[in-house]
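Survey of secondary and tertiary structure
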Amino acid sequence: MSQAKKALTFTTRPGHSVSGDIIVPGDKSVSHRSIMFGSLANGTTHIKGFLPGQDCLATMNCFKAMGIEIEGPDSDHNVTVHGKGLHGLSQPKEQLDIGNSGTSIRLLSGILAGQQFSSSMAGDVSLNKRPMARVVEPLQLMAANISAREDGTPPVVCQGLAENQKLKAIDYILPMASAQVKSCVILAGMYAEGVTSVIEPGITRDHTERMLTAFGYPVTVEKNIDGDEQKTRISIEGGHELTACDIQIPGDISSATFFMVAGLIAKSGQLTIRNVGMNPTRIGAINILKAMQGDLTIINERMAGGEPVADIVVKASQLQGIDISERDVPLAIDEFPAIFIAAACANGTTRLRGAEELRVKESDRIQAMADGLVELGIECTVFDDGIDITGGEIGSGTIHSHDDHRIAMSFAISSLRATGSITILDCDNVATSFPNFVSLANEVGLSITQA
Ligand code: S3P
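Residue indices begin from 1 for each chain and proceed along its sequence in written order. Local features in this predicted model are restricted to residues of pLDDT 70 or higher, and side-chain atom pairs are both shown and tallied only at a pLDDT of 80 or more, whereas totals for entire chains, interfaces and linings draw on every residue. Note: side-chain values were computed over all heavy atoms of the structure, leaving out hydrogens and water.

So, about the pairing of strand β17 (residues 270-277). Successive residues of a regular strand alternate their side chains across the two faces of the sheet. Think of it this way: DSSP has to see at least two bridges between two strands before they count as a pair. Secondary structure elements follow DSSP: runs of H or I of four or more residues count as helices, runs of E of two or more count as strands, with numbering from the N terminus. Bridge count between strand β2 (residues 20-23) and β17: four bridges; the pairing is parallel. Directly across from Asp 21, in β17, lies its bridge partner Thr 272.

Moving on, we get to the domain arrangement of the protein chain. How big an interface is tends to be stated in terms of the accessible area lost upon association of its parts. Where each domain begins and ends is defined by an automated method or by a domain database. Split into domains, the protein chain comes out as domain 1 (10-26 + 250-450) and domain 2 (28-248). For domain 1 versus domain 2, the distance between C-alpha centres works out to 28 Å. With 29 residues of domain 1 at the contact, the number on the domain 2 side is 27 residues. Of the roughly 2,400 Å² buried at the junction of domain 1 and domain 2 (both faces included), carbon and sulfur atoms supply 46%. By convention in these notes, a salt bridge is any Lys or Arg side-chain nitrogen within 4 Å of a carboxyl oxygen on Asp or Glu. At the junction of domain 1 and domain 2, the tally comes to four salt bridges. Between Arg 130 and Glu 362 there is a salt bridge whose closest N-O contact spans 3.9 Å. Here a polar contact means two N or O atoms within 3.5 Å. Within protein one must be a hydrogen donor candidate and the other an acceptor candidate, and residues neighboring in sequence count only if both atoms are side-chain atoms. Where domain 1 meets domain 2, there are 15 residue pairs in polar contact (both at pLDDT 80 or more). Of all elements in the fold, only β19 (307-315), α11 (405-414) and α12 (430-433) reach the threshold of two or more residues within the side of domain 1 that touches domain 2. It is α12 that contributes the most residues to the side of domain 1 that touches domain 2, three residues altogether. Taken together, the residues that form the side of domain 1 that touches domain 2 break down as 11 nonpolar, nine polar and nine charged. What makes two residues a contact is simply this: any of their non-hydrogen atoms within 4.5 Å. In short, buried area is how much 1.4 Å probe accessible area vanishes from two parts on joining, totalled over both. Any residue outside Ala, Val, Leu, Ile, Met, Phe, Trp, Tyr, Cys, Pro, Asp, Glu, Lys and Arg is labelled polar, Gly included; the first ten of those are nonpolar and the last four are charged.

Once that is clear, we can look at the sheet that holds strand β23 (residues 397-400). A sheet is described by the order of its strands in space; here four strands give the open sequence β23-β24-β1-β25, paired in mixed fashion. With one partner strand each, in any of the chains shown, β23 and β25 (447-450) form the two edges of the open sheet. Going across the sheet, the axis of each strand differs from the next one's by a mean of 20°, ignoring polarity. Here strand β1 (residues 10-13) runs beside strand β24 (residues 422-425); their pairing, made up of three bridges, is antiparallel. Paired with Thr 12 across the two strands is Ile 422, which belongs to β24. Of the strands in this sheet, β1 and β25 touch helix α13 (residues 437-444), which is tilted by about 150° from β25. An axis is simply a line fitted to the C-alpha atoms; with a helix, the fit covers only the stretch in contact. Between two such axes, the angle follows the N-to-C directions and lies from 0 to 180 degrees.

This next bit is on α11. Relative accessibility under 20% of the residue-type maximum defines a buried residue, over 50% an exposed one, and the middle range a partly exposed one, all with a 1.4 Å probe and only protein chains included. Taken across its 10 residues, α11 has 10 buried, putting it largely inside the fold. If you check which residues of α11 are buried, you get His 405, Arg 406, Ile 407, Ala 408, Met 409, Ser 410, Phe 411, Ala 412, Ile 413 and Ser 414. Among the residues of α11, the N-terminal cap falls to Asp 404, whose side-chain oxygen and the backbone nitrogen of Arg 406 are separated by 3.0 Å.

Here we come to the sheet that holds strand β6 (residues 96-97). Taken together, the four strands give an open sheet; going across it, the order is β6-β7-β9-β8, and neighbouring strands pair in mixed fashion. Single-partner strands in this sheet number two, and they are β6 and β8 (145-147). Here three bridges tie strand β7 (residues 119-122) to strand β9 (residues 156-159), and the two strands are oriented antiparallel to one another. The partner of Met 121 across the bridge, within β9, is Val 156. Across the sheet, helix α3 (residues 102-112) touches β6, β7, β8 and β9, and the angle it forms with β7 is around 175°.

Quick look at the structure:
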């Protein structure tokens, strides 16, 4: 299901000061999961702070296509999901359209593997190039009848289980630190006979585990496996139930990062970003930007809906290049495009390694960022699993976003330090994760026009 090529272009003018008090939209990962768990729960789930981005709306439409009644999002971002229980989904009439969303297709693979009906999923041009073998392989080990194309790309096609057939529980060691793959296997584990366990080699976002607990489904998390503090085992027994609950979605730290970087690289100003999700498995960008001597202050730390949240005060700073700790890579995996802009504005060289996963995101984010940075006059060297970026003067030029929302937003932020105008092509997909990005950016002092 490919989409016609769209062509929204951002044109930026250099900026100077960034200041204000803003709230970023709801967390994308948590929004996806709230629809999934709400649909599979018994009873009615009320969601507050839902992200009305295209990715999360794609997840919502998939569950509607499988017979779940969902109201909203209304103008206050409230959503109501009338769950039908773990076995309440019905066969979609058509192939499920996943749009641009890797999280939707990978987590849904785990859910669909456990159903008694057949289904097929595909997305836009970018998603249809992304690797799905990473979820298909463990699901096949669980005796699911699921496949992707020979090269591992979508469509993902799943033949329904026979009546009374259950998936087989497995013990699975994740080959890469991926919350999507972990979540896929855990979700399939709800439909398996026995206890399924997943060992992750590095700490990844734990929203699935947290939300399972919030919905009353037992899940066991053991840290420090084999004496390695990076290794965690998550175990889940099939056959329990999810009970509807109320979900409060925190602001998305991935969206907040664009504004953290904006506030830091601006020549002056102070910005407060409110209600940002501070889940410890998501704060890699804060660790990295602080290590770069960014002036970030975390205030009003509190819990909301089972997730830690806080406000972040950002002040313009002279950043310093660093060697990024590999431990922070999975904790900042979506934030590297914005961090690369911070590196381009820092004194000296910033080095990143162990980040080969960046090559299989919505675009090859190492190459797409390197090409854009070089176009703007920044020196960088690309490696298979990372990049070296030496800070310098940002010029003007034309950037290809490769239809990747985070590439588009990162270069929009770089305009704060540019000597001239930057044109960024193919920015439609900014709406997948951050529909009001341009208005919020212009509100705090950037100058972005879109046409
Ligand atoms: C996500 C996990 C990450 C991240 C993606 C959202 C999730 O992917 O890049 O944007 O919601 O589980 P991987 O787990 O594949 O690294």
